[in-house]
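Listed here are the chains, written in short residue letters.
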There are 2 protein chains.
Amino acid sequence: MQNHQAFIDAARDVIGHAHVLTSDLDMYAQDWRKKYFGRPLAVLRPASTAEVAALVRLCMVHAVAIVPQGGNTGLCGASVPDASGEQVVLNLGRLNGVRSVDPANNTMTVEAGCILQTLQETAESVDRLFPLSLGAEGSCQIGGNISTNAGGVQVLRYGNTRDLVLGLEVVLPSGEILDLLRGLRKDNTGYDLKQIFIGAEGTLGIITAATLKLFPAPKASAVAFAALSSPAQAVNLLQQMRAELGERFTAFELMSDASVDLIRRHFPASPNPFAARHSWYVLMEATDGGTDAALGGLFEGALERVLEQGLIEDVALASSKAQAGELWMMRENVAEAQQIDSPNIKHDISLPISSIPEFIDEVVGTLEQTYPGVRPIIFGHLGDGNLHFNMARPLALDNARWLEQTQAVNTIVHDAVVRHRGSISAEHGIGQLKQAEMAHYKSAAELLVMRAIKRAIDPQLLMNPGKVVDMGSKS
Amino acid sequence: MQNHQAFIDAARDVIGHAHVLTSDLDMYAQDWRKKYFGRPLAVLRPASTAEVAALVRLCMVHAVAIVPQGGNTGLCGASVPDASGEQVVLNLGRLNGVRSVDPANNTMTVEAGCILQTLQETAESVDRLFPLSLGAEGSCQIGGNISTNAGGVQVLRYGNTRDLVLGLEVVLPSGEILDLLRGLRKDNTGYDLKQIFIGAEGTLGIITAATLKLFPAPKASAVAFAALSSPAQAVNLLQQMRAELGERFTAFELMSDASVDLIRRHFPASPNPFAARHSWYVLMEATDGGTDAALGGLFEGALERVLEQGLIEDVALASSKAQAGELWMMRENVAEAQQIDSPNIKHDISLPISSIPEFIDEVVGTLEQTYPGVRPIIFGHLGDGNLHFNMARPLALDNARWLEQTQAVNTIVHDAVVRHRGSISAEHGIGQLKQAEMAHYKSAAELLVMRAIKRAIDPQLLMNPGKVVDMGSKS
């Protein structure tokens, strides 16, 4: 304890008394969904990269473990400390400046604590698009997005966060500042070090700033909602539409009938464009630099052809921004509809797109056999091979009994994912939630290389211990 | 020597007598341009990943250094052994199977020794595009392309090789096989290990296979050649054209008047669409999934607007595939024209696109002052910020006297590149050519992390020693 006090005093000397918090820590000690709880030794809120570096050096000297924290909106508990009372939370929220915006280079350099939505607006203000977009964009921070390699709804066209990062500034576990803030599309001078920090969930260092890619702002968009008989039809549809519209596609979202049914039950004002009920639905969006009329014509032509070819059962093309917004709202309400309805057993998986029809048939079959009446709330970014493969309880079971099956259902789903060479965490990461599962499914060689890198960069094992890769007993 | 014989005998036991070469090694001991020479202990030509793994284990036991080699077309000497006679060349040319092609997933899984052009054709055969394209495509191998993170002429739209790789199979320096062959667009399960092997030039392990991204095959293309007064105009033009045509742009190639003049002198049949001579030229290409007529109309409309706005001085739109081919041929003849003319002092640099006008003004000014009559043969992928910034001798100097200035000219150019936060090796890599220069320009922190990773993955320092990052005395 004496030691801790000395550490806290030293931290206060570095960043000021007001920014080293030791009481009322609840908002820093748990994630926004309140699924993970911890007990931090203190919460440090530096306002500059130099302050971060000084704090990290201090932590190393005092052998205090560091949990980097952004908006705390992650879904796997990576930004929550453990219960030991020995870990500090290093919250990046005050390090939130936009250092520069360079429209001619299509880049901006920003600090880790910037809110994602603010950065989208910064890009808009110079007639550019920063395409990262996800549910938590009003409160998540770009440092966290980069540390978890966030996905979202525009990956099909613009890639994951990794693809949007040209440069990084990182405070290493040694306290040294690694300046990789380059705004270059091509740079083959040695190992591309930024790649190891992206998606490392704060276990290799603290991302303090980034140079991000901007894109021409799209001027036109078109949205359609199609009804299909099977996931196989959806895969064919995706191919055909991409062949016609190329990289204009920004979204291709699959929804099972059970998920659409759930949305309509809890959001009765949701649009219902089809007379008949269908087994599967796809929400599609394309954007373009031209006019709405030109893009709409192209989109409509392609949809007519797939309807004639029997690739879809029915289709509705949004005829206004308002209609497009309603269709998107339906997709965005899935998560809340599940929340209201009953707790689902959830999976964030990805698969080779060609394997998805067989995977769904096989796994839904097994689950329906094992749990008669189970409701597959399957939806997600089919264009990226990413499904939120969630299972709502059979109505005959109560919530508690259903959640007791979590491990058993996870095993059925994840075993099948691995057989089909998919991923058990497509976009949410590992954090504390999936550390053991990752260790179970990865090869010994892969875990060995991860541990070798962790040890090489963070030899004291003080960066976000207990997250991502298990390094043994050190807490 | 006894030791060497034991090693060679053991290698022959593993892959057969015929595939362990110890004489007539010239084609493996030097690169295709014959700029780098070495003396290999032997050349090993395995035909399977298992054979590669067995050979690597053998090399580790015998402490024999390994130089991985693909098509040997690299420009920085990464695939050439040193002169010690102690290093083996591990040539991947026989490991050249296409393991699978999955058009519905838009992927193919191929072995390291596949020739790039063969893979372009494999993609075409299923109506897909594999967009990596560069001068050496008829002989370079995909393993080498990945190990050097090759660039080429379509980076603007499709990215560098790194962006085209979804999965990798790597034989680690331990001889273990690291199977990261996933065909997934999203996978956030721990550190993205493939990233450290891409662009590592064989210093961390041997890439034996990869899962690569395919794209919808474009159906339409449009090519134009524009005349401009300055690089600043070219940067404005790029912005304007991308705003109108979005991601349809596949190429935006800048050429200085001196480079076009050089081409015309040595290839007199080159097209000459403009009556007047201009200071700068840009070759542009857009592709699309629709019709040539629709894309041509869009392209022509955009060009008319930039002409009216005075963003260009003149423009010629290719009216046929043949005309488009002639314009491209001109761009592709730059390298050979330089070869015929006289040896240039060359630089493969990248810069933030917004800095390019100032950079060119400043550096050409300095060089013209220092070397009156110097001819700036500047051309390259402006859309990626990548310039081949080459200097042909002042006509008053002979070749030998000019080449004596290489180090001095390099220093002027590279110092300025670093001041403008650019890269001294945009797409060619480091190899043996730029190892010392990289060490000179990188920060201590960056070199430290590179060395830490090298040591963590290759503790015996036997993978392609003397390339990329200097590890000290070990050869």
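Okay, so let's go over this structure. In this text, all values refer to a predicted model and were calculated from it rather than measured experimentally.

## A closer look at helix α11 (residues 292–308) of chain A
Residues and elements named next belong to chain A. The end-to-end C-alpha distance of α11, which contains 17 residues, comes to 24 Å, matching closely the 24 Å that a straight helix rising 1.5 Å per residue would cover. Of all the residues in α11, the buried ones are Leu295, Gly296, Phe299, Gly301, Ala302, Leu303 and Val306. Summarising the contacts, the buried residues of α11 are in contact with β12 (220–228), α9 (231–245), β13 (249–256), β14 (280–288) and β15 (314–317). Note on α11: the residue one or two positions beyond its end, Gly310, has a positive phi of about 75°.

## Some words on the packing of helix α9 (residues 231–245) of chain B against helix α11 (residues 292–308) of chain B
Residues and elements named next belong to chain B. Running from N to C, α9 and α11 cross one another at 145°; their axes reach a closest spacing of 10 Å. As for the relative orientation of α9 and α11, their crossing is right-handed in sense. Packed against α9, whose contacting residues are Leu237, Gln240, Met241, Glu244 and Leu245, the element α11 presents Leu298, Phe299, Ala302, Leu303, Arg305 and Val306 at the interface. Of the residues in the contact of α9 with α11, the class split is eight nonpolar, one polar and two charged.

## Points about the interface of chain B and chain A
Opposite the 84 residues of chain B that make contact, chain A presents 84 residues. Interface area, chain B with chain A, both sides summed: about 6,600 Å², of which 52% is carbon and sulfur. Summed over the three residues of chain B that lose the most area to chain A, namely Lys186, Asn188 and Tyr191 of chain B, the buried surface amounts to 16% of that side. Scanning the region where chain B abuts chain A turns up twelve salt bridges. As a salt-bridge pair, Asp192 of chain B and Arg162 of chain A come within 3.4 Å of each other at their nearest N and O atoms. Counting across the interface, chain B meets chain A through 42 residue pairs in polar contact (both at pLDDT 80 or more). For the side of chain B that touches chain A, the secondary structure elements donating two or more residues are α6 (155–158), α7 (161–164), β9 (177–180), α8 (194–197), β11 (215–216), α9 and α18 (444–457) of chain B.

## What to know about the pairing of strand β14 (residues 280–288) of chain B
All names here are of chain B. Taking burial as the measure, the nine residues of β14 include nine buried ones, the bulk of the element. Neither face of β14 is exposed, since Trp280, Val282, Met284, Ala286 and Asp288 on one face and Tyr281, Leu283, Glu285 and Thr287 on the opposite face are all buried. Pairing between strand β12 (residues 220–228) and β14: nine bridges, direction antiparallel. Each bridged residue has a counterpart across the sheet, and for Phe225 the counterpart in β14 is Leu283.

## Points about the relation of the copies chain B and chain A
At an RMSD of 0.0 Å, chain B and chain A line up after a rotation of 180° and a shift of 0.0 Å along the axis. As the rotation angle and translation indicate, the two copies are arranged about a two-fold axis. Here 100% of the interface residues in chain B have copies in chain A that are interface residues too; the copies meet face to matching face.

## Quick word on unusual backbone geometry
Phi angles above zero are rare outside glycine, and Asp127 of chain A is one such case at about 60°. On the secondary structure map, Asp127 of chain A appears in the loop between α4 (116–124) and β7 (128–129). A residue is classified by how much of its surface remains accessible, and Asp127 of chain A, at 40% relative accessible area, is partly exposed. In this structure, Asn149 of chain B takes a positive phi of about 45° despite not being glycine. Looking at where Asn149 of chain B falls in the secondary structure, it is placed in the loop between α5 (142–147) and α6.

## Re the sheet that holds strand β5 (residues 98–102) of chain A
Residues and elements named next belong to chain A. Taken in spatial order, the five strands make up an open sheet running β5-β6-β10-β8-β9, and their pairing is antiparallel. The open sheet has two edge strands with one neighbour each: β5 and β9 (177–180). The average undirected angle you get between the axes of adjacent strands in this sheet is 10°. Here β5 pairs with strand β6 (residues 107–111) via four bridges, running antiparallel. Its bridge partner being in β6, Val98 is matched across the sheet by Val110.

## A few points about the environment of Gly429 of chain B
Among the structural elements, Gly429 of chain B can be located in the loop between α16 (406–419) and α17 (435–441). Using a relative accessible area of 0% as the deciding quantity, one classes Gly429 of chain B as buried. In this structure the C-alpha to C-alpha distance between Gly429 of chain B and Ala200 of chain B, which are 229 residues apart in sequence, comes to 8.9 Å. The residues touching Gly429 of chain B, leaving out its near neighbours within four places in the chain, are Asn188 of chain A together with Cys76, Glu201 and Lys434 of chain B.

## Here we look at empty space enclosed by the protein
Tallied over the entire structure, the rule returns nine cavities of 30 Å³ or more. Within this model, the largest cavity holds a volume of roughly 120 Å³. Lining the largest cavity are 15 residues, and of these Leu245, Glu247 and Arg248 of chain A together with Glu247 and Arg248 of chain B lie nearest its centre. Tallied by class, residues from the lining of the largest cavity come to two nonpolar, five polar and eight charged.

## Some points on the nonpolar core
Across soluble globular proteins, nonpolar side chains show a tendency to be buried alongside one another. The biggest cluster of nonpolar side chains holds 92 residues, and the ones touching the most others in it are Phe130, Phe197 and Leu212 of chain A together with Phe130, Phe197 and Leu212 of chain B. Ignoring sequence-local partners within four residues, the contact set of Phe197 of chain A consists of Ser147, Leu168, Val170, Leu172, Leu178, Leu204, Ile207 and Ile457 of chain A.

## Let's talk about the sheet that holds strand β3 (residues 65–69) of chain A
The strands that make up a sheet pair up through hydrogen bonds in the backbone, lying either parallel or antiparallel. All names here are of chain A. The sheet built from four strands is open, its strands ordered β1-β2-β4-β3 with mixed pairing. On the outer flanks of this sheet lie β1 (20–21) and β3, each paired with one strand and no other. Looking at chain direction, β1 and strand β2 (residues 42–44) are connected through two bridges and run antiparallel. Looking at β2, one finds that Val20 is bridged to Leu44. Helix α3 (residues 49–62) contacts β2, β3 and β4 (87–91) of the sheet and is inclined by roughly 175° relative to β4.

What counts and how
- Residues numbered from 1 in each chain as written.
- Chains lettered and ligands numbered in written order.
- Predicted model: local features only at pLDDT ≥ 70, side-chain atom pairs only at ≥ 80, totals over all residues.
- Heavy atoms only, no water.
- Helix = DSSP H or I, 4+ residues; strand = E, 2+ residues; numbered from the N terminus.
- Expected span 1.5 Å × (residues − 1).
- Buried < 20%, exposed > 50% of the residue type's maximum accessible area, 1.4 Å probe, protein only.
- Contact = heavy atoms within 4.5 Å.
- Axes fitted to C-alpha atoms, helices over the stretch in contact; angles between N-to-C directions.
- Left-handed = near helix turned anticlockwise from the far one by under 90°.
- Nonpolar A, V, L, I, M, F, W, Y, C, P; charged D, E, K, R; others polar.
- Buried area = accessible area lost by both parts, 1.4 Å probe.
- Salt bridge = Lys/Arg side-chain N within 4 Å of Asp/Glu carboxyl O.
- Polar contact = N/O pair within 3.5 Å; in protein donor to acceptor, adjacent residues only side chain to side chain.
- Pairing = 2+ DSSP bridges.
- Least-squares fit on C-alpha atoms with pLDDT ≥ 70 in both.
- 1 Å grid on protein atoms, 1.4 Å probe; cavity = no way out; pocket = protein on both sides within 12 Å on 5 of 7 lines; lining within 4 Å.
- Points joined across faces, edges and corners; volume = space filled by probe spheres on them.
- Core = buried A, V, L, I, M, F, W, Y, C linked by side-chain atoms within 4.5 Å.

Everything listed is a geometric property; what it means functionally is a separate question.
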